[in-house]
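# A look at the structure
Each chain is listed here by its residues.
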Amino acid sequence: EEIAGYDNVNSQNLKGTFVANYQIRAIDGLSVKAFINYNKTYSNEKYFSKPYSFYTYNYSNQQYTLAGALGTQAQLSYNLNTAENIDRQFSLNYDHTFSHDHHVTALALYEAIDYNTTFLTAGRTNFLTDEIQELFAGSVQTATANSSASQTGRSSYVGRINYAYKNKYLLETI
């Protein structure tokens, strides 16, 4: 704890990725793939500010004189945040050569991304003492509270086909 207060931030992050590939034996060259990525972040902050006075010292009379101050009473704020991101990709892949001359590859892909956030903040000022560093100890008249949340997402489809004849003539479509 500092003389004028503190700003403590605690963050935790959870990440995970899952990937699976499967060759479909019934059709030569056909495979499926699944990719899922998960990321969640938690963060909480406690900011406590104490009043702090600045003095000058006069060497001739050996006295301190108040030169200024930072705040008059203690104040506290809490901030809580969460963010979650989920990314999913599922694809069909095809890669096969016919009669040594015709090479065909194809991709069909679906992707979906979801993003969610929440935010909460609360605070109070005008604490009677800086020894009790919780919201209930601040003035009810100065209480603040706010929150927000958001959800966004998107999904998309992608396809591609490639054809090569004797590795000389190429055709690609997207």
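For the structure, see preceding data.
Attention in this report is confined to the structure presented alongside it. Note that this is a predicted model, so its numbers are computed, not measured.

## A word on the packing of aromatic side chains
Scanning the entire structure with this criterion turns up 7 aromatic pairs. Seen in terms of ring centroids, Tyr57 and Tyr59 are 5.0 Å apart; in terms of plane orientation they differ by 85°. Their pairing is edge-to-face. Grouped by ring-pair contacts, the aromatic residues Tyr6, Phe48 and Phe127 constitute a single cluster.

## Quick look at the pairing of strand β4 (residues 63–70)
Among the 8 residues in β4, 0 count as buried, and that is only a small part of the element. Two strands pair when backbone bridges link them, and strand β3 (residues 52–58) and β4 are joined in this way by 7 bridges, in the antiparallel orientation. For Phe54, the partnering residue across the bridge sits in β4 and is Gly68. What sits between β3 and β4 in their antiparallel hairpin is a turn of 4 residues, with Gln62 showing a positive phi close to 55°.

## Topic: the environment of Tyr55
Its location among the elements puts Tyr55 in strand β3. A sequence separation of 13 residues divides Tyr55 from Gly68, and the C-alpha atoms of the two residues are 7.0 Å apart. Setting aside residues up to four positions removed in sequence, Tyr55 forms contacts with Tyr64, Thr65, Leu66 and Ala67.

## A closer look at the sheet that holds strand β6 (residues 102–127)
Within the open sheet, the 6 strands sit side by side as β1-β2-β5-β6-β7-β8. Their pairing is antiparallel. Of all strands in the sheet, those bounded by a partner on one side alone are β1 (5–23) and β8 (169–173). Neighbouring strand axes in the sheet, compared pairwise and without regard to direction, differ in orientation by 10° on average. In this sheet, strand β5 (residues 74–98) lies alongside strand β2 (residues 30–49) in antiparallel orientation, the contact comprising 20 bridges. What sits directly across from Glu45, in β5, is Asn79.

Cut-offs and rules
- Residues numbered from 1 in each chain as written.
- Predicted model: local features only at pLDDT ≥ 70, side-chain atom pairs only at ≥ 80, totals over all residues.
- Heavy atoms only, no water.
- Phe/Tyr/Trp six-rings, centres within 6.5 Å; stacked < 30°, edge-to-face > 60°.
- Buried < 20%, exposed > 50% of the residue type's maximum accessible area, 1.4 Å probe, protein only.
- Helix = DSSP H or I, 4+ residues; strand = E, 2+ residues; numbered from the N terminus.
- Pairing = 2+ DSSP bridges.
- Contact = heavy atoms within 4.5 Å.
- Axes fitted to C-alpha atoms, helices over the stretch in contact; angles between N-to-C directions.

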